[in-house]
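Understanding the architecture of this molecule
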Amino acid sequence: RLRAGLPAAATQPDLGVALSTKATAGLRAQRRLGKADVSLLAIRGPDTEPVIVIENGQLTLAYPSRTLFGMTWQRGEGNRVWRLEAAFIPDQRVNLFSPTPVTEARERLLAGVGLDWDLPDSVFLNLQLGVDSISGEGAVRPDTDVITTLRLQKSFANATLRASAEILSNLADGDGTFRPGL
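A short tour of the structure in this document, coming up. (Residues numbered from 1 in each chain as written. Predicted model: local features only at pLDDT ≥ 70, side-chain atom pairs only at ≥ 80, totals over all residues. Heavy atoms only, no water.)

**Topic: the overall build of the protein**
Basically, it comes down to this: Runs of H or I in DSSP of at least four residues are treated as helices and runs of E of at least two as strands, each being numbered from the N terminus. Note on classification: 1.4 Å probe, protein chains only; a residue is buried when its accessible area is under 20% of the maximum for its type, exposed when over 50%, partly exposed between these limits. Contacts between residues were defined by any pair of non-hydrogen atoms, one from each residue, lying within 4.5 Å. Accessible areas in this description were obtained via Shrake-Rupley with a 1.4 Å probe; residue shielding takes into account the shown protein chains only.
Looking only at helices and strands, the protein features 0 helices and 11 strands. Tracing the protein from N to C terminus, the helices and strands come up as β-β-β-β-β-β-β-β-β-β-β. The buried share of the protein, taken over its 182 residues, is 25%. Restricting to contacts in the protein with at least 6 residues of sequence separation, those with at least 24 account for 40%. With the model as given, the accessible surface of the protein reaches about 11600 Å², and the carbon-plus-sulfur share is 59%.

Dropping the structure here:
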């Protein structure tokens, strides 16, 4: 989801539960295949996107556990790195259109392609295209989002200062944001 101006380093809200009940666990296997690195991963833990629930008569944000299976592929070519990523979440909780908050587990598929490029004069370019699709109908979020990112970054004063500009856009609904930074 687009963060709409929140800094990328913004802290995640307190989950409000003991760490032992909402810890994240994962496995990752990585291997070099020719000139590329490939990895497979499995993760189980609280979702980073909340759902709205009624708890003790109060509307609250919940971070239910979810399972994620994914893969990555990346290959460096000189000053460029090409990336492919895909993930499948069989139990993604989503809110449904309803007079009262109702959630339901859905299958979610995410896929993306990206390019990281170190350009001359300490300029860094990052381009990404991602597709986020969820099964079923009636969710309060779109069935499919197509998200693009363009980030330019320039380092100054022996990399002690960094200026950046980032454009995030959702091609599915035309929404987006521009985030400059220094």
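**Quick look at the pairing of strand 7 (residues 102-119)**
What counts, and what does not: One requirement defines pairing of two strands: DSSP has to find at least two bridges between them.
As paired strands, strand 6 (residues 80-96) and strand 7 are joined by 15 bridges and run antiparallel to one another. When the sheet's bridge partners are listed, Ala86 is paired in strand 7 with Ala111. If you look at the hairpin formed by strand 6 and strand 7, you'll find 5 residues sitting between the two strands. Direction of pairing for strand 7 relative to strand 8 (residues 123-134): antiparallel, over a ladder of 12 bridges. Paired with Leu115 across the bridge in strand 8 is Leu127.

**Focus on the packing of aromatic side chains**
To keep things clear, this is the line we draw: Ring pairs are drawn from Phe, Tyr and Trp, using the six-membered ring of Trp, whenever the two centres fall within 6.5 Å, and their geometry is named by plane angle: stacked under 30 degrees, edge-to-face over 60, tilted for the rest. Any Lys NZ or Arg CZ that is within 6 Å of a ring centre and within 35 degrees of that ring's normal is treated as a charge sitting over the ring.
One pass over the structure, following the stated rule, counts 0 aromatic pairs. Taking the ring centre of Phe156 as reference, the NZ or CZ of Lys154 above it sits at 5.2 Å.

**Some details on the side chain of Asn170**
This is how the line gets drawn: Distance and chemistry together define a polar contact, namely a pair of N or O atoms within 3.5 Å, with one atom able to donate a hydrogen and the other to accept it when in protein, and with adjacent residues in sequence counting only for side-chain atoms on both sides.
Structurally, Asn170 is set in strand 10 (residues 161-170). What makes Asn170 buried here is its relative accessible area of 8%. Polar contacts involving the side chain of Asn170 include one to the side chain of Asp145, which spans 3.0 Å.

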